[in-house]
Amino acid sequence: MPSYTRGQKRTNTVFVAVNELMYFGFKPKDIASLPGVSSSDVISLGHNAASNIQAGKILIIGANAPKPARVTKKLGNGAGLQQTASSYCAYNSISTAQSAGWTLTKTRRSVSLRSPTSPRNSLTAIATLTGGILYCFPMNKADFDAYGAELGLSSSVVVTTDAERNKLVSGATMPYPGKASKLLPNGSNFSSFFSTDKQGDVVQAGYDILSEEKILVGAAPSNP
């Protein structure tokens, strides 16, 4: 392990915007402490504390997608010294970051959707959470056909606008949908995520609620 990273703890969660509605959270290294990186360099990346993000925005942590762009800054040469610094950058801060000497090295990643008409045996199922968050996960087509409606799930065909695409998230630890389980006539158990506003219907359909949704939202007042 290089000396410049050894023992450095990552304790503070910061967020960067991945689109107009959603912010991606992560715990960065203190790159402002590195030679060649100033606090203004970090500010240019659009990093925010959760307390500074407006109410109604969606905060995500540990997501496979979407993910923000990554940028890199060259620091110099020398044995035992860090050659570059890199971090995530907000989608609307890339030009500001480039003006501050950062180079775009990876573009942002969007959620990939698998259509019900795909030749594969699975599709992308979508559970709707509080605030209209659209949590995407793979599901067997036969299970979706048999149980999707009673769980309040939809498929990718309902995603037709940019506003809806901006609410898509997959593989996140937060937000995370509720999960329900049902004993089938053959004696086996079927379990799956469900849409939050359909929880009452899910219970009526014979499911046990194993867990409820987990979400984060911005807290700062909206601009007048």
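Everything here concerns the structure above.
Summarised in this report is the structure supplied together with it.

Here we come to the overall build of the chain. Regarding its fold elements, the chain presents 5 helices and 14 strands. When its C-alpha atoms are laid out on the principal axes, the chain stretches across 70 × 45 × 35 Å. Taking all 224 residues of the chain together, 41% fall into the buried category. The long-range share in the chain, meaning contacts at least 24 apart out of those at least 6 apart in sequence, stands at 66%. Put simply, the chain shows about 11,900 Å² of open surface, and 50% of that area lies on carbon and sulfur atoms. Across the chain, 22 positive and 13 negative side-chain charges occur, with their mean positions spaced 14 Å apart.

Our next topic: the pairing of strand 12 (residues 189-194). The side chains of a regular strand alternate, residue by residue, between the two faces of the sheet. For strand 11 (residues 178-183) and strand 12, the ladder comprises 6 bridges, and the chain directions are antiparallel. In the sheet register, Lys182 faces strand 12, and the bridge partner there is Phe190.

Throughout the structure, instances matching the rule amount to 2 salt bridges. Glu150 serves as the salt-bridge partner of Lys182, at 3.2 Å between the closest nitrogen and oxygen. You can see Lys182 sitting in strand 11 and its partner Glu150 sitting in the loop between helix 3 (141-147) and strand 9 (154-155), a full 32 residues away along the chain. Classification of Lys182 as buried rests on a relative accessible area of 17%. Owing to a relative accessible area of 24%, Glu150 belongs among the partly exposed residues under this scheme. Between Arg165 and Asp162 there is a salt bridge whose closest N-O contact spans 3.1 Å.

A separate point is the sheet that holds strand 7 (residues 122-128). Sheet strands line up and pair through hydrogen bonds in the backbone, either parallel or antiparallel. One open sheet holds the 4 strands; their spatial order is 9-7-8-10, and the pairing between them is mixed. Edge positions in the sheet fall to strand 9 and strand 10 (168-170), since each of these pairs with one other strand and no more. In terms of strand pairing, strand 7 meets strand 9 through 2 bridges, oriented antiparallel. By the bridge assignment, Ala125 is partnered in strand 9 with Ser155.

A general feature of soluble globular proteins is that nonpolar side chains tend to end up buried together. Counting residues in each nonpolar core, the largest one holds 38 residues, and the members touching the most others are Phe24, Phe137, Met139, Leu151, Leu153 and Val169. Secondary structure elements with two or more residues in this core: strand 1 (14-17), strand 2 (22-26), strand 3 (58-61), strand 7, strand 8 (134-140), helix 3 and strand 12. Setting aside chain neighbours within four positions, we find Leu153 in contact with Ala125, Ile126, Ala127, Phe137, Met139, Phe144, Gly148, Ser192, Phe193, Phe194 and Ser195. One finds Ile31, Leu34, Val37 and Ala85 within the second-largest nonpolar core, a separate group that totals 12 residues.

Spatial strand order, 12-11-13: 3 strands in an open sheet with antiparallel pairing. Whereas interior strands pair on both sides, the edge strands pair on one side only; in this sheet they are strand 12 and strand 13 (208-211). With direction set aside, neighbouring strand axes in the sheet form an average angle of 30 degrees. Where strand 11 meets strand 13, 3 bridges bridge the pair, whose relative direction is antiparallel. Counted as the bridge partner of Lys179 is Ser211 from strand 13.

Our next topic: the environment of Thr72. Within the element layout of this structure, Thr72 appears in strand 4 (residues 69-74). Note on Thr72: relative accessible area 18%, which makes it buried. Distance in space between the C-alpha atoms of Thr72 and Ala97 is 9.6 Å, their sequence separation being 25 residues. Of the polar contacts made by the side chain of Thr72, one reaches the side chain of Thr105; its length is 3.5 Å.

Cut-offs applied
- Residues numbered from 1 in each chain as written.
- Predicted model: local features only at pLDDT ≥ 70, side-chain atom pairs only at ≥ 80, totals over all residues.
- Heavy atoms only, no water.
- Helix = DSSP H or I, 4+ residues; strand = E, 2+ residues; numbered from the N terminus.
- Buried < 20%, exposed > 50% of the residue type's maximum accessible area, 1.4 Å probe, protein only.
- Contact = heavy atoms within 4.5 Å.
- Areas by Shrake-Rupley, 256 points an atom, 1.4 Å probe, with all protein chains shown as cover.
- Lys, Arg positive; Asp, Glu negative; His and termini not counted.
- Charge placed at Lys NZ, Arg CZ, Asp CG, Glu CD.
- Pairing = 2+ DSSP bridges.
- Salt bridge = Lys/Arg side-chain N within 4 Å of Asp/Glu carboxyl O.
- Core = buried A, V, L, I, M, F, W, Y, C linked by side-chain atoms within 4.5 Å.
- Axes fitted to C-alpha atoms, helices over the stretch in contact; angles between N-to-C directions.
- Polar contact = N/O pair within 3.5 Å; in protein donor to acceptor, adjacent residues only side chain to side chain.

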